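Coordinate inspection notes
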Protein chains: 2
Amino acid sequence: MQQLVSPTIKSCSECPIRHRAVCAKCDRDELELLEDIKYYRSFSAGQTVMWAGDHMDFVASVVSGVATLTQTMEDGRTQMVGLLLPSDFVGRPGRASAAYTVSATTDLMMCCFRRKPFEQMINTTPHIAHRLLEMTLDELDAAREWMLVLGRKTAREKIASLLSIIARRDAVLDGSAPGKALEIELPLTREAMADYLGLTLETVSRQVSALKRDKVITLSGKRSITVPDMDRLLLEAGDDSDGGILS
Amino acid sequence: MQQLVSPTIKSCSECPIRHRAVCAKCDRDELELLEDIKYYRSFSAGQTVMWAGDHMDFVASVVSGVATLTQTMEDGRTQMVGLLLPSDFVGRPGRASAAYTVSATTDLMMCCFRRKPFEQMINTTPHIAHRLLEMTLDELDAAREWMLVLGRKTAREKIASLLSIIARRDAVLDGSAPGKALEIELPLTREAMADYLGLTLETVSRQVSALKRDKVITLSGKRSITVPDMDRLLLEAGDDSDGGILS
DNA sequence: AGCATTCTTTGACACAGATCAAAATGGGAA
DNA sequence: TTCCCATTTTGATCTGTGTCAAAGAATGCT
């Protein structure tokens, strides 16, 4: 995983408050408040954190690693509905069963909060509730952006869109200069990419190869990708303006 | 539009709080609070309420009629990302520009709240903030459910899924007996359905005809559909259990 | 009523992506 | 190193949905 430390980003992956360019709300006192109801759980790559329908007596935030939210039909067709990165939030206050299957795609550390006290805290601490609303609205925007990708984009555009998202996130976290070549580490297998994009893994592989052949990306090993020209990639993704699935 | 009145549903489409089987929060005093910052706007079928990117100094809720949220790429490809029914909420506290294009698909009445005072009210009235969070989480679930539809379902399953959603909503509002044949009024053109499902209007037309041929539905006129057997329709939609895109 | 316009259906054909199958690559264990 | 097994790539073929085109309904206007 990329380091979260950077001059411009204050990350607060240990509290349920997502990081921001400047996270004004994440002051000491909030962490104190949470201190007595939180505990940590770690998972190794490939493990399932919970199955859809499981009873869930906690909410959590990702401290490190990558996890996925997926939905599956009886016949096995699978769709990823969310990608959880450090500081992302899982679970729903007021709901005792998991709506989606959560899986660790890399080694994963989560910070869990017992649900009941967490819900109480929301009620008594308005600005945490407010922050939670803001995060949920961001996720809703991301989900809707993804609906456009799933419903209307070609396989090549879908791949480019996914790479853009990951590249943009890394660029923000690294604070790298705009216009510079970006190196990104893919935290997903071809199959996971396919599940995210509503494609088959064969199509994913073919389109990744095509983007490599057309010099939009360079591969070193199987999971390490270099993007020499971010604007070119965004063009391939069919994104108007700068996209912005991650706020 | 269907009447919202029913023995079991208390609707509160005039306040920004979505209806529920029993809407415990919608008491008189809240409406009073809102009284001085709200105003009404009406639109006729086909009108655009606002374009993506427009400046927006209000948030609103749908009083009557149906509206859609859509996203469009430069080349014209369009994806609907939300269907707004009476009592649904539009706009985002803290954001001054519209993220999506909002269009009236039927004659539409909206109840608008000036953004600044509305935001203040959220900060001073915790249970309205709480209600807003709950509504947003419901929408997020709906969006994610739709990601499965867009990414993994066949054209026939997509049509069946859309009809299920509309049928289920009507069934709830009518309070009709389970197992009984349902009559639903489609508030969407074939093109709008296509935009929702990530299909072309020709494919939508063909699949609707196929479902009619196979006696899953009956058409009377072009927009009026009868579902003799709801379980059969859900089966066609490929939904495990009862689906539940609308909570 | 007759006409114009918009929406819907149906047909013929093309193509993107799925499916089935097999080979190649790479990383980890001993 | 060498082998083993996961993952990925590549190939051949098939199919569902898109595209292009035209004919039919429905709706509204004069």
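Residues numbered from 1 in each chain as written. Chains lettered and ligands numbered in written order. Predicted model: local features only at pLDDT ≥ 70, side-chain atom pairs only at ≥ 80, totals over all residues.

Observations concerning the relation of the copies chain B and chain A
Threshold: Superposition of the copies used a least-squares fit over C-alpha atoms from residues whose pLDDT is at least 70 in both. Placing a C-beta atom from the backbone of each residue, one calls two residues in contact when those atoms lie within 7 Å.
Under the fitted operation, chain B is carried onto chain A by 0.0 Å of movement along the axis and a turn of 180 degrees, and the coordinates agree to an RMSD of 0.0 Å. Those values place the two copies in the arrangement expected of a two-fold rotation axis. In this assembly, 100% of the residues forming the interface of chain B have copies in chain A that are likewise at the interface, indicating an isologous arrangement.

Some points on the domain arrangement of chain A
Residues and elements named next belong to chain A. Stated formally: The source of the domain bounds is an automatic or database domain assignment. Comment: elements are numbered from the N terminus, with helices defined as DSSP H or I runs of at least four residues and strands as E runs of at least two. Under the convention adopted here, Pro, Cys and the residues Ala, Val, Leu, Ile, Met, Phe, Trp and Tyr are nonpolar, Asp, Glu, Lys and Arg are charged, and Gly plus all remaining residues are polar.
Looking at the assigned domains, one finds that chain A contains domain 1 (28-125) and domain 2 (153-236). Contacts between the two partners involve 10 residues from domain 1, matched on the other side by seven residues from domain 2. Counting residues per element, the ones that place at least two in the side of domain 1 that touches domain 2 are strand E4 (67-72) and strand E5 (78-84). A breakdown of the residues in the side of domain 1 that touches domain 2 according to their chemical character gives four nonpolar, six polar and no charged.

A few points about the interface of chain B and chain A
Taken together, the contact between chain B and chain A spans 30 residues of the former and 30 residues of the latter. Those elements that place two or more of their residues in the side of chain B that touches chain A are strand E5 (78-84) and helix H3 (126-152) of chain B. No other element matches the 18 residues that H3 of chain B contributes to the side of chain B that touches chain A. Its residues assigned to classes, the side of chain B that touches chain A shows 14 nonpolar, eight polar and eight charged.

Quick notes on the confidence of the model for chain A
For residues with low pLDDT, the predicted coordinates do not support detailed interpretation. All names here are of chain A. Our working definition: Every residue carries a pLDDT, the predictor's confidence in it, which falls somewhere between 0 and 100.
Averaged over every residue, the pLDDT of chain A is 82; the share at 70 or more is 79%. By mean pLDDT, helix H1 (residues 28-35) is the weakest element of chain A at 48, and helix H5 (residues 190-197) is the strongest at 97. Predicted confidence is poor over residues 1-11, with pLDDT under 50, and the contacts of this stretch with residues over four places away or in other chains come to 26 contacts. In the model output, the complex is listed with pTM 0.87 alongside ipTM 0.87.

A word on the protein's contact with DNA strand D
Filter applied, for reference: We call a residue near a molecule or strand when its C-beta atom, built from the backbone, sits within 6 Å of it.
Of all residues adjacent to DNA strand D, which total 18 residues, the nearest are Thr189, Arg190, Ser205 and Ser209 of chain A together with Thr203 of chain B. Of all the elements in the fold, those that place two or more residues in the surface near DNA strand D are H5 and helix H6 (201-213) of chain A together with helix H6 (201-213) of chain B. In terms of residues, the surface near DNA strand D owes the most to one element, H6 of chain A, which gives six residues. Residues that form the surface near DNA strand D fall into these classes: four nonpolar, seven polar and seven charged.

Topic: the protein's contact with DNA strand C
Contacts to DNA strand C come from 18 residues, most closely from Ala155 and Thr203 of chain A together with Thr189, Arg190 and Ser205 of chain B. For the surface near DNA strand C, the residue count by class is four nonpolar, seven polar and seven charged.

A short note on the pairing of strand E11 (residues 224-227) of chain A
Residue and element names in this part refer to chain A. For clarity, the cut-off: Remark: C-beta atoms are placed from the backbone, and a residue is labelled buried if 20 or more other C-beta atoms sit within 10 Å of its own, exposed if 12 or fewer do, or partly exposed between those counts. Paired strands, as defined in this entry, are two strands with at least two bridges between them according to DSSP.
Here E11 shows a buried face lined by Ile225 and Val227 and an unburied face lined by Ser224 and Thr226. Of the pairings in the sheet, the one linking strand E9 (residues 182-185) to E11 comprises four bridges and is antiparallel in character. Bridge pairing links Leu182 to Val227 in E11. Taken together, the three bridges between strand E10 (residues 218-220) and E11 define a ladder with antiparallel strand orientation. Its bridge partner lying in E11, Thr218 is registered against Thr226. Taken together, E10 and the strand that follows it, E11, pair antiparallel across an intervening segment of three residues, in which Gly221 is found at a positive phi of about 75 degrees.

Considerations on unusual backbone geometry
The backbone of Lys215 of chain A shows a phi angle near 65 degrees, a positive value even though the residue is not glycine. Along the polypeptide, Lys215 of chain A turns up in the loop between H6 and E10. A residue is classified by how many C-beta atoms lie within 10 Å of it, and Lys215 of chain A, with 10 of them, is exposed. Phi is positive for Ser87 of chain B, which is not a glycine, with a value near 85 degrees. Among the structural elements, Ser87 of chain B can be located in the loop between E5 and strand E6 (89-90). Ser87 of chain B sits in the buried class, given 23 other C-beta atoms within 10 Å.

Regarding H3 of chain B
To be explicit about the condition: By this rule the span expected of a helix is its residue count minus one, scaled by 1.5 Å.
Look at H3 of chain B: 39 Å from first C-alpha to last across 27 residues, which is about the 39 Å you get at 1.5 Å a residue. The buried fraction of H3 of chain B is high, at 23 of 27 residues.

Points about the sheet that holds strand E11 (residues 224-227) of chain B
All names here are of chain B. Under the convention used in this document: Here, axes are lines fitted to C-alpha atoms. For helices the fit covers the stretch in contact, and angles between N-to-C directions go from 0 to 180 degrees.
The strand order across the open sheet formed by three strands is E9-E11-E10, and the pairing between neighbours is antiparallel. Across the chains shown, the open sheet's two edge strands, defined by having one partner strand only, are strand E9 (182-185) and strand E10 (218-220). This sheet shows a mean twist of 25 degrees between the axes of neighbouring strands, independent of strand direction.

Focus: the nonpolar core
Note the following rule: In this description, a nonpolar core means buried residues of the types Ala, Val, Leu, Ile, Met, Phe, Trp, Tyr and Cys, linked to one another by C-beta atoms lying within 7 Å.
Within the largest apolar cluster, 132 residues are counted, with the highest numbers of intra-cluster contacts made by Met147 and Leu163 of chain A together with Met147 and Leu163 of chain B. Ignoring any residue separated from it by four or fewer positions in sequence, one finds Leu163 of chain A in contact with Ile217, Ile225, Val227 and Leu233 of chain A.

Section: the sheet that holds strand E6 (residues 89-90) of chain A
All names here are of chain A. Read across the sheet, four strands follow the order E1-E8-E3-E6 without closing on themselves; strand pairing throughout is antiparallel. Because the sheet does not close on itself, it has two edges, and the strands there are strand E1 (38-43) and E6. Bridge count for strand E3 (residues 58-64) against strand E8 (residues 108-114) is six bridges, and the pairing is antiparallel. Bridging across to E8, Phe58 finds its partner in Arg114. Those strands touched by helix H2 (residues 115-124) are E3 and E8, and its axis lies near 70 degrees from that of E8.

Observations regarding the pairing of strand E3 (residues 58-64) of chain B
Residue and element names in this part refer to chain B. Burial analysis of E3 places five of its seven residues in the buried class, the great majority of the element. Bridging between E3 and E6 involves two bridges; their strand directions are antiparallel. Looking at the pairing, Ala60 lines up with Val90 of E6.

What about the packing of H5 of chain A against H6 of chain A?
Residue and element names in this part refer to chain A. Worth spelling out the cut-off: Roughly parallel means an angle under 35 degrees; roughly antiparallel, over 145; roughly perpendicular, 65 to 115; everything else is oblique.
Viewed as axis vectors pointing N to C, H5 and H6 meet at an angle of 100 degrees, and their least axial separation amounts to 8 Å. When the axis of H5 is compared with that of H6, the two are roughly perpendicular. Within the contact between the two elements, H5 uses Arg190, Glu191, Met193, Ala194 and Leu197 and H6 uses Leu201, Val204 and Ser205. Of the residues assigned to the contact of H5 with H6, the class counts are five nonpolar, one polar and two charged.

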